[in-house]
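Coordinate inspection notes
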Amino acid sequence: MKSLRSPLARRSSKAPTGIVGFDEITGGGLPHGRTTLLVGGPGSGKTILALQFLVHGAQHCKEPGIFVAFEESSKRIAANAESFGWNLAELRRKKLHFMDAQPMSDLVQSGNFDLSGMLASLGAQAKAMGARRIVFDALDVVLALLPDAAAKRREVYRLHEWLLACELTGLITAKAGGDEASSFSQQPFGFMQFMVDCAVILSHSVVQGVSQRNLRVQKYRGSSFDENESPFLIGARGLEVDAMRTHVRANVKVSSERVSSGVKRLDTMLGGGYYRGASVLITGFPGTAKTTLAGAFAEAACKRGERTLFVSFDSDSNEVVRDLASVGIQLGHHLKNGRLRLASARTITGSAETYLVRIKTLATEHGARCLVIDPMSTWSKSGNDSSAHSVAERLTDWSKASGITLVCTSLLDEMSSQSEGGSSLHISTLADTWIKLSYLMQAGERNRGLSIIKSRGTAHSNQVRELILSDAGVTLADTYTAGGEVLMGTLRWEKEGAERAATEVTEVAGKLRRVRLDAEEAELEVRVKSLQVELDAKHVEKALLARTTESRKGELSQGQARMKELRGADAAAPGRKSP
Amino acid sequence: MSQSAKDRSKFKFRLYGAGDAQNSAQAVANLTALCRAYLKDRHAIEVVNVFREPKRALADGILMTPTLVKLAPSPAPKRIVGTLSQTQPVLQALGLETLAT
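Conventions we followed
Residues numbered from 1 in each chain as written. Chains lettered and ligands numbered in written order. Predicted model: local features only at pLDDT ≥ 70, side-chain atom pairs only at ≥ 80, totals over all residues. Helix = DSSP H or I, 4+ residues; strand = E, 2+ residues; numbered from the N terminus. Buried ≥ 20, exposed ≤ 12 C-beta atoms within 10 Å, placed from the backbone. Contact = placed C-beta atoms within 7 Å. Pairing = 2+ DSSP bridges. Axes fitted to C-alpha atoms, helices over the stretch in contact; angles between N-to-C directions. Nonpolar A, V, L, I, M, F, W, Y, C, P; charged D, E, K, R; others polar. Core = buried A, V, L, I, M, F, W, Y, C linked by C-beta atoms within 7 Å. Domains from an automatic or database assignment. Expected span 1.5 Å × (residues − 1). pLDDT = per-residue confidence, 0-100. Arc of directions from axis to C-beta.

Turning next to the overall build of chain B. Counting secondary structure elements, chain B contains five helices and four strands. Mapped from its N terminus to its C terminus, chain B presents α and β elements in the order α-β-α-β-α-β-β-α-α. Looking at chain B as a whole, 32% of its 101 residues are labelled buried. When contacts within chain B are restricted to residue pairs at least 6 apart in sequence, those whose partners lie at least 24 apart make up 65%.

As structure tokens, this is what we get:
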């Protein structure tokens, strides 16, 4: 039987469910004014999804709704949903009506019956409150009362036609035995899947002891939708579906802004730091200071005033603060003023998908611009092998789309090969910047080495640097290469010492030389002075000599004149002449 | 309660039906026949059309039609759904099986 919708109705708008991710998968929500079938095994989250759809409609879309409860009493459903903070009590006054329709256990049955009574009642109720949405929860319960498949089919059609006639957006939930999607069609109401405009399958499976919830849109008439299984979990606010954002990825805004890694010299090595919105991977064996490096980044982000989320899978949040404080990374006060949020994920058990959705929710709630995950490799443990990679991929996609700078650490197995691709998650290809931390065993020491394996869009240093942790913080030191070997630790220190000594020797020698020259100069000066004095003396002597000669000459001529006088001589006799 | 006292008590029924739908019409016919056979002159039947009085059906919590509600005699009002074509369970539910045998 064909449904009654006209070709024009094909473009009907959608009724948003308010479920994170689900509206993205379906391109806006459930088909407006049509019927959607929600199938799932026991405990797969059907009732919650259905209720959330109604609550969202009533709260945000001005679409009051009716919840027809065939299985659980409305009181219990409301009590169960209490924890989601949907404020049901308030909504129930006007916008949300619960109808208890559990078949009574002592119901006596005789002959055929149908659902007209209920539909008539509902019609009156819908009209009275102006309902636009309706949920039939666990329709299978009431169908089970019907004697044969033909009767069931008839009642389902009756319901379907009624929904179309009332132009209500309907959501019918039904149980499916087991977890196998294939068994749905064998169910007595399997034909419903052909009849409805949209069918959603919820599955809940356990893989190696880890619970995995998945949601899949099986069909959606007149609309494109994500056909893949999307993991979801039941979080604090209701259902959260993890939608693949493949179509969003293309529109990612790329930033060329740099953010500090928290280690000055590392920034230099990277040509200024990490790119904003980039995903950074720090790999290394246990104890290679991955957490410390990630912590330095978190501290730097907080210092810039950016809200940061630090998710630790290894240790308790208090331990993280204490441990990082020992290397001079103070996160305590950032934590107190709310800029930093530390989430210890040790307590969260569950699938990698669970982690992803939790992290995304936390980050969104916190308004984080920087996100640290330490370590990401935890995800591949405990039965998550298959999903961990896709989870990591989606996390990077998501953080990129949201412009969040992501720093993840990943543990390399000590046993695994030293090859560069040793990360079990293979996220190394997804990361924009990959920093590898390693140990260098040399001369009875283990020293931490840091190298940048890749950094997209950045010129980066090709050198291995030594990473030094001290209570003053994290620093990078140059390494020395000697004879083709990289020197680190004590060897580097020795080498540095030797160099210092050599410089000292040169300095001293220079000083000595200068002193010696000074002395020589002084000596020469002294000599020059004494010679001068000697010269002066000679001058004096010479002058003295001239003067004595003169006076003697005078005396002599005086004497001769006196003698002449005395002798009475005549003319001047030849004799000594004055000089 | 003695058999005679029970006999004397009057049965009050309310039958919720969906207009002139086949099931509902059948139920009315079956109920009338049943009452004539077992409760001659000590029964009253009210037929409620849920299409005409949906609010009443809503208030009374009627899901399936036809639904027969036994209002009197007490104890405990009893509900029977269906066309009432199988007489035995109906009589049993109404406490009339002794009369049938």
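We now examine the overall build of chain A. The helix and strand tally for chain A stands at 16 helices and 25 strands. Counting every position in chain A, which comprises 579 residues, the buried fraction comes to 42%.

All names here are of chain A. Taken together, nine strands build an open sheet; the order of strands is β5-β4-β7-β8-β3-β9-β10-β11-β12 and the sheet is mixed. Each edge of the open sheet is held by one strand with a lone partner, namely β5 (96-100) and β12 (238-241). Taken over all neighbouring pairs, the strand axes of this sheet differ in orientation by 20 degrees on average, direction set aside. Here strand β7 (residues 133-137) pairs with strand β8 (residues 169-175) via four bridges, running parallel. Residue pairing across strands places arginine 133 opposite threonine 169, the latter belonging to β8. Its contacts with the sheet place helix α5 (residues 116-129) against β4 (65-69), β5 and β7, and it is angled at close to 155 degrees to β4.

Next up on the list: the interface of chain B and chain A. Often, the extent of an interface is quoted as the loss of accessible area upon association of its parts. If you look at the interface, chain B gives 27 residues, while chain A gives 19 residues. Secondary-structure elements contributing two or more residues to the side of chain B that touches chain A are α3 (54-60), β4 (78-81) and α4 (87-94) of chain B. In terms of residue count, the dominant contributor to the side of chain B that touches chain A is α3 of chain B (four residues). Each residue belonging to the side of chain B that touches chain A can be placed in one class, and the counts come to 18 nonpolar, seven polar and two charged.

Right, let's get into the sheet that holds strand β17 (residues 340-344) of chain A. In any sheet, the strands associate via hydrogen bonds between backbone groups, in a parallel or an antiparallel arrangement. All names here are of chain A. What the nine strands build is an open sheet, ordered β17-β16-β18-β19-β15-β20-β21-β22-β23; its pairing is mixed. Among the strands making up the open sheet, the edge pair consists of β17 and β23 (473-477). Ignoring which end each strand starts from, the neighbouring axes of this sheet average 20 degrees apart. Across six bridges, the pairing between strand β15 (residues 279-284) and strand β19 (residues 405-411) is parallel.

Let us now look at the nonpolar core. Residue and element names in this part refer to chain A. Of all hydrophobic cores here, the largest spans 150 residues; its most connected members are Phe67, Val68, Ala298 and Val372. By residue number, the principal contributor to this core is helix α11 (residues 290-303), which donates eight residues. A domain-level breakdown of this core finds at least three residues from each of domain 1 (7-107 + 114-244) and domain 2 (258-478). Contacts of valine 68, omitting those with residues within four sequence positions, involve Met99, Ala101, Leu122, Ile134, Val135, Phe136 and Asp137.

Residue and element names in this part refer to chain A. For α5, built from 14 residues, the straight-helix expectation of 20 Å at 1.5 Å per residue is met to within 8% by its first-to-last C-alpha distance of 20 Å. Residues Ser116, Gly117, Met118, Leu119, Ala120, Ser121, Leu122, Gly123 and Ala126 constitute the buried set of α5. One or two residues past the end of α5 sits glycine 130, with phi positive at roughly 65 degrees.

So, about the confidence of the model for chain B. Per-residue pLDDT for chain B has a mean of 77; in total, 82% of the residues score no lower than 70. Every residue in residues 1-7 of chain B is under pLDDT 50, and counting partners more than four places away or in other chains gives one contact.

A few words on helix α12 (residues 317-325) of chain A. All of the buried residues along α12 of chain A are Val320, Val321 and Leu324 of chain A. Down the axis of α12 of chain A, the sector holding all buried residues measures 95 degrees, keeping them to one side.

Now for the pairing of β19 of chain A. All names here are of chain A. Of all seven residues making up β19, seven are buried, and the element is well covered by its neighbours. Here β19 shows two buried faces, one formed by Thr405, Val407, Thr409 and Leu411 and the other by Leu406, Cys408 and Ser410. Two strands pair when backbone bridges link them, and strand β18 (residues 370-374) and β19 are joined in this way by four bridges, in the parallel orientation. Among the inter-strand pairings, cysteine 370 is bridged to a residue of β19, identified as threonine 405.

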